[in-house]
Amino acid sequence: MAVPVAFFALFFAYPVTAIVGRGLKAEGDWQFGRIGEVLSRPDILDVLWFTTWQALASTALTLLIALPGAYVFARFDFPGKQVLRAVVTVPFVLPTVVVGTAFLALLGRGGLLDELWGVRLDTTVWAILLAHVFFNYAVVVRTVGGLWSQLDPRQEEAARVLGAGRFAAFRRVTLPALAPAVAAAALMVFLFTFTSFGVVQILGGPAYSTLEVEIYRQTAQLLDLPTAAVLTLVQFAAVGGILAVHAATVRRRERALKLVDPAQTSRRPRGAGQWALLGGVLLTALLLILLPLGVLVERSFDGPGGYGFGYYEALQSVGAGGSSTFLVPPLEAVGNSLRYAFVATLIALVIGGLAAAALTRRAGRLVRGFDALLMLPLGVSAVTVGFGFLITLDKPPLDLRTSWILVPLAQALVGVPFVVRTMLPVLRAVDDRLREAAAVLGASPLRAWREVDLPLVRRAVLVAAGFAFAVSLGEFGATVFIARPDNPTLPVAVARLLGRSGELNYGQAMALSTILMLVCAVSLLLLERIRTDRSGEF
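So, here's what we can say about the structure.

About the thresholds
Residues numbered from 1 in each chain as written. Predicted model: local features only at pLDDT ≥ 70, side-chain atom pairs only at ≥ 80, totals over all residues. Heavy atoms only, no water. Patch = residues over 30% accessible without salt bridge, like charges linked within 9 Å, V, L, I, M, F, W, Y side chains within 5 Å. Areas by Shrake-Rupley, 256 points an atom, 1.4 Å probe, with all protein chains shown as cover. Salt bridge = Lys/Arg side-chain N within 4 Å of Asp/Glu carboxyl O. Lys, Arg positive; Asp, Glu negative; His and termini not counted. Charge placed at Lys NZ, Arg CZ, Asp CG, Glu CD. Helix = DSSP H or I, 4+ residues; strand = E, 2+ residues; numbered from the N terminus. Buried < 20%, exposed > 50% of the residue type's maximum accessible area, 1.4 Å probe, protein only. Core = buried A, V, L, I, M, F, W, Y, C linked by side-chain atoms within 4.5 Å. Phe/Tyr/Trp six-rings, centres within 6.5 Å; stacked < 30°, edge-to-face > 60°. Axes fitted to C-alpha atoms, helices over the stretch in contact; angles between N-to-C directions. Parallel < 35°, antiparallel > 145°, perpendicular 65-115°, else oblique. Contact = heavy atoms within 4.5 Å. Nonpolar A, V, L, I, M, F, W, Y, C, P; charged D, E, K, R; others polar.

1. What to know about a positive patch on the surface
(1) Moving on: Where like charges cluster on the molecular surface, the positive patch consists of R160, R166, R267 and R270.
(2) Moving on: Its place among the elements puts R166 in helix α9 (residues 166-194).

Here it is, written out as structure tokens:
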């Protein structure tokens, strides 16, 4: 535990504490009265209200649309099922900037809806809600569908034999068994939408602001650190409560059910109703997932002179079309992002692997507290972390503000929880007697780990690396503060291009987003090929 604890203390707790402390201190004294002052402001109350209700609405809409998909993936066997499962999972690993850009191309000015029917939904709450459903569809399908596929269908069939109707059997038998998984998925969707940043920043316009967006605005634009510090504490408390409820829900799910092999529950659709349900899920995947991504790709080729590679060619030069957005060609952001993500993945694997190994030892409250610590970077404002890096890591012996390593360190903080959650179930499944036998035969602890544990968890390590690489590649909230102008990452480059007017900047943003989408999709498809049933689920 020593290395992960030191890593989180230095690169997470220290920057976050420093930025919050700077905001709540005045002349060396704590000013806790500022909390009440900030939370009583009408504009802040509006932000809190919008953050909460849009997260609730996004969660409800995601469950409504995704639960039929979870059933189809759990119970039906059909050609192309594995490919479709990979496709619906692509949005989850896409950077939020790409998601926002894709929906901007579909719903915004000059988008597909605008061209066909003269309808624009950007800067409306509907664009935000649809983008959140797009982003979190896979969370429900994987979490609920993974459990649904392992429930014994004979229990529901027995209820039907005893006289229960189809709906009554589902409500009294299947739904109670699925309730913990549905609750866990709902809590995770609520967490992701409650802390939404890139989607709201791009699609919401000035009219809508979540806590994360407001923290960024107060920090970067208004330099109002006291307000930003209070909002960070509010978000931290809310996320802590969500994670606590989620942990309790997951423990209930693990204790309550006896599961069967998924191969025993999957069969081809029967009857018109089941085929209609499968068709509806395929149509939903087409309209909700493939259409925005397809429009994004189409817009990247649709130049002023017709379809071609003009926007992609413009990425190779500095100041194309009179733009001074970058000090280097925007295409260099691709290489920067890949290098940063590779280093961040290595850091996340080392830190996350050591943390997962420590958590397998079940050492009571200390380890449970350590487990909760590892999840905090998913809920604490990435904007706060990024700005905290700038004001804390600027003095020897940790003068890293001008160092390239600062970006991978911030990205690794987000990757570590995914590594731990992927590796932990597999490590806990390794029989301790194998390690003990290796020790009896004279193997050192390091050799026993190398020759016993590592071969058994190799696939889980590869899956964890895939997730860490994808989330590192798409990290935006912290990176937007610390990425140097001469070394931008792909998400930062896309956001800068979208922030400037002009058709060329818009087209280049679409082209860069397409490149970023393809890199993430390839990473996910490779992950799908090597995943295991236990380590490949959310």
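Now that the structure has been shown, the text picks up again.
2. Some points on a nonpolar patch on the surface
(1) Moving on: Together, L283, L286, L287, L290 and L291 make up an exposed nonpolar region whose accessible area comes to about 430 Å².
(2) Moving on: With respect to the helices and strands, L290 occurs in helix α13 (residues 271-301).
(3) Moving on: Residue L290 is classed as partly exposed on the basis of its relative accessible area, which comes to 41%.

3. Re the nonpolar core
(1) Moving on: Membership of the largest hydrophobic core comes to 166 residues, with the highest contact counts inside it found for F7, L94, L203 and F389.
(2) Moving on: Here this core takes 16 residues from helix α7 (residues 125-148), the largest share from any one element.

4. A few points about the pattern of salt bridges
(1) Moving on: The full count for this structure, using the stated rule, is seven salt bridges.
(2) Moving on: One continuous salt-bridge network, built from bridges that share partners, spans E115, E298 and R299.

5. Let's talk about the packing of aromatic side chains
(1) Moving on: In total, this model carries 18 aromatic pairs according to the counting rule given.
(2) Moving on: Taking 5.3 Å as the distance between ring centres and 55° as the angle between the ring planes, the aromatic pair formed by F7 and F11 counts as tilted. On the criterion of helical spacing, the pair formed by F7 and F11 is a turn pair, its members being four residues apart in helix α1 (residues 2-24). Neither residue differs from the other here; F7 and F11 are each classed as buried.
(3) Moving on: What links up through ring pairs into an aromatic cluster is the set F7, F8, F11, F12 and F389.

6. Quick look at the packing of helix α11 (residues 211-221) against helix α17 (residues 382-392)
(1) Moving on: The contact between α11 and α17 brings their axes to 8 Å, and the two run at 30°. In terms of axis orientation, α11 runs roughly parallel to α17. From α11, E212, I215, Y216 and T219 reach across to α17, where they touch A382, V383, T384 and F387.
(2) Moving on: Here the residues of the contact of α11 with α17 are counted per class, giving five nonpolar, two polar and one charged.

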